[in-house]
Amino acid sequence: MNAIAKELPHLVPTEGGEAFAQPRIREIPYNYTSFSDREVVIRLLGADAWTLLDELRSERRTGRSARMLYEVLGDIWAVQRNPYLEDDLLDNPKRRRLLIEALEHRLHEIGKRRESGGDAIDRERDRKVGLLLAAAQRAVEAFAENFARTAKLRARARRALGRHTREDAIRFDAFARVSHVTDATDWRVEYPFVVIAPDAEDEIPGLVRACIELGLSIIPRGGGTGYTGGAIPLSPLTAVINTEKLETLGDVEQLALPGVGDAMTRVPTVFSEAGVVTKRVADAAERAGYVFAVDPTSMEASCIGGNIAMNAGGKKAVLWGTAVDNLAWWRMVDPDGNWLEVERIGHNLGKIHDAPQVEWRLTWKDGREPATRARTLRSETLRMPGASFRKAGLGKDVTDKFLGGLPGVQKEGCDGLITAARWIVHRMPPHIRTVCLEFFGDARDAIPSIVEITTLLETSARSGGARLAGLEHLDERYLRAVGYATKSKRAQLPKMVLIGDIVGEDDAAVARTTSEVVRIANARSGEGFIAVGADARKKFWLDRARTAAIAKHTNAFKINEDVVIPLPRLGDYTDAIERINIELSIANKLRLVTALEEYLRGDLRPGKTGDAEIDALSRTEILGDRVERARELLAAVHARWDGMLHDLDAPGATPDHTIFQELQNRSRRCLLYTSPSP
């Protein structure tokens, strides 16, 4: 309503109009966050206070008391949500005292304006105001006391944490806290109390014990590239332990692994600490002539600890699996502040679900000693069927965080903090072709090609022929989000893009298989493009790397490394997600139309435009029949859109298409006008 009044001042409703009685969406000042008035009031005063405030809003008289109350809440909220202001007030007791006095003065003025007499309605209103004032006074007291508590806890934390790391690794400053309030989700709940950046792996057990003694929740964090919210503080008493300084990275080493081959068998491996950026490990493997299998789209920024905690994969997961398939061993710190080393016994050097039986040796060591020399406290062996790690057809089972009790992997930092790992690296076959397939038909018709292509290459691999070494699926929403440049000469964006690496020992076999893959695409309204040289192949994969741009927020779905939806059901999944998007989009449009209809039912009056000639016209001359015509248009639009929403499965105008399918392929739109206005 305020936006309409600002942009169209000659259509401002009068005070007697129904729209005028609608409260502003936000009345709390200085609230630059995504929290609404309701959420702010509930957080500061409690749910009961919001109920009282909502009731009083409808009875508002002059509104001065309400404005003063909102100013109190706005001041408190602005400081709580801005660590720079909080630090300034912590460092300046005089300024802090003046702020508290100003808050108390406003509450006192509200109290002076209370009306205790009058009839029963006035007395009930006064009672509600009194309850609100009491809640606000408690909030101001808590706000004032929090500064003393924070200063005291910071001093305790410095002493406790300072026994295990350098002083400058313990960060209470606003910059560190703001930098660690969210991850790639951009979701913000609470600022961390402290950010700890240890210099060495051996510092972490002591830091974990100290945080527990201080009553702080612990969040491990690496590059902050996760999309699940695992690194987001949910409590103001949270310590974020940033592992980015743990960046020791070894060269590829040929080592004997327990239970693998005979005494002479050596396996190529690479050691890395938790803070090493994924791309550095891949580069180290490539320098030695090997391939690091874990390559999520965030590999330029993600860290090894997060790769393990998320069980990250990559485009090469179709050939070598996700993190759990490629770990020889890893080390972590458990919630008791002790070392826990997890070692794979009898690694099958391939995907874990292909092994009939999987065995892990778990060894707990004293966290008060360096990891390499720590005394063993106890050990345990985990055995489970390899097939239990994944449901058939999945690259990663996101419904199973437990993974048979295996610590660390896919737990998102909830059962401990990863500190180091040793990975198995692989030899890539010598002949590689990258294929980019662009599909222009309906997404549902194109998606089966993924199954056909993977089936073709699985059959080829079993006979010793070409194999699929990388696969990426990009849907239309992602293509739009990243500004995909179509390789086809068609003047339209594809509905789906597949990028894949096809590899093998025989160049001719790889070429034949790649051509067959393109033929499959051609049969599904697609076009295929093949890259042979290293530079050309890298250019094809650049589009995949762009999808990792964290600044791009979209509700799109992308099958990349971690096939979390069975490929044969991907079409059903895509349709279901698109149906949700379409239903919510139409519902939002209907709410807008309803609000406009309600606005136009008010008593609209012309405002002053500054043009003397226009301002001299009467209301009737300015508005004429425009309001009535606008109402008729909105009523027709509301009926049309509501009909679409409730008849999505009805036959559409296109043969063999429903209304939903027409909306999905954009041959039908929810437009204000169905044809250009005369």
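How each quantity is defined
- Residues numbered from 1 in each chain as written.
- Predicted model: local features only at pLDDT ≥ 70, side-chain atom pairs only at ≥ 80, totals over all residues.
- Heavy atoms only, no water.
- Helix = DSSP H or I, 4+ residues; strand = E, 2+ residues; numbered from the N terminus.
- Buried < 20%, exposed > 50% of the residue type's maximum accessible area, 1.4 Å probe, protein only.
- Contact = heavy atoms within 4.5 Å.
- Areas by Shrake-Rupley, 256 points an atom, 1.4 Å probe, with all protein chains shown as cover.
- Lys, Arg positive; Asp, Glu negative; His and termini not counted.
- Charge placed at Lys NZ, Arg CZ, Asp CG, Glu CD.
- Patch = residues over 30% accessible without salt bridge, like charges linked within 9 Å, V, L, I, M, F, W, Y side chains within 5 Å.
- Salt bridge = Lys/Arg side-chain N within 4 Å of Asp/Glu carboxyl O.
- Pairing = 2+ DSSP bridges.
- Axes fitted to C-alpha atoms, helices over the stretch in contact; angles between N-to-C directions.

K.L.:
Mind showing me how you'd approach the overall build of the protein chain here?
P.N.:
From N to C terminus, the protein chain includes 23 helices and 17 strands. Taken along its principal axes, the extent of the C-alpha atoms in the protein chain is 95 × 70 × 40 Å. Out of the 678 residues belonging to the protein chain, those deemed buried represent 49%. Summarising the internal contacts of the protein chain: among those between residues at least 6 apart in sequence, 69% fall at separations of at least 24. Within the structure as shown, the protein chain displays about 33000 Å² of accessible surface, and the carbon and sulfur contribution to it stands at 52%. Separation of charge centres in the protein chain, based on 96 positive and 98 negative side chains, amounts to 2 Å.

K.L.:
Where do I start with a positive patch on the surface in this structure?
P.N.:
Together, Lys152, Arg156, Arg159 and Arg163 line one region of the surface with positive charge. Relative to the elements of secondary structure, arginine 156 occurs in helix H7 (residues 120–162).

K.L.:
It is not clear to me how the sheet that holds strand E11 (residues 376–385) should be interpreted in this structure. Could you clarify?
P.N.:
Read across the sheet, seven strands follow the order E6-E7-E12-E8-E9-E10-E11 without closing on themselves; strand pairing throughout is antiparallel. The open sheet has two free edges, formed respectively by strand E6 (253–255) and E11, since each of these has just one partner strand. Neighbour-to-neighbour, the strand axes of the sheet open up by a mean angle of 25°, direction not taken into account. Here helix H9 (residues 204–214) sits on the sheet and contacts strand E8 (327–333), strand E9 (339–345) and strand E12 (417–424); the angle it forms with E8, its principal contact strand, is near 45°.

K.L.:
What is the right way to read the pattern of salt bridges from this model?
P.N.:
Any two side chains of opposite charge can pair, given that their charged atoms come close. On inspection of all chains with the given rule, the structure shows 43 salt bridges. One salt bridge in this structure joins arginine 97 and glutamate 101, with 3.7 Å as the shortest N-O distance. Note that arginine 97 and glutamate 101 are positioned in helix H6 (residues 93–112) at a spacing of four residues, about one turn of the helix. On the accessibility criterion, arginine 97 (45% relative accessible area) is partly exposed. Linking glutamate 662 and arginine 668 is a salt bridge whose minimum nitrogen-to-oxygen distance equals 2.8 Å.

K.L.:
Sorry, what's going on with the pairing of E9 here?
P.N.:
Remember that side chains alternate between the two faces of the sheet whenever the strand is regular. For E9, the tally of buried residues reaches six of seven residues, placing the bulk of the element in the interior. Across five bridges, E8 lies against E9 in antiparallel orientation. Considered in E9, the bridge of valine 333 is made with tryptophan 339. Between E8 and E9, which pair antiparallel and follow one another directly, the connecting turn spans five residues, one of which, glycine 337, has a positive phi of 80°.

So, to be careful, I would describe these as geometric facts and stop short of saying anything about function.
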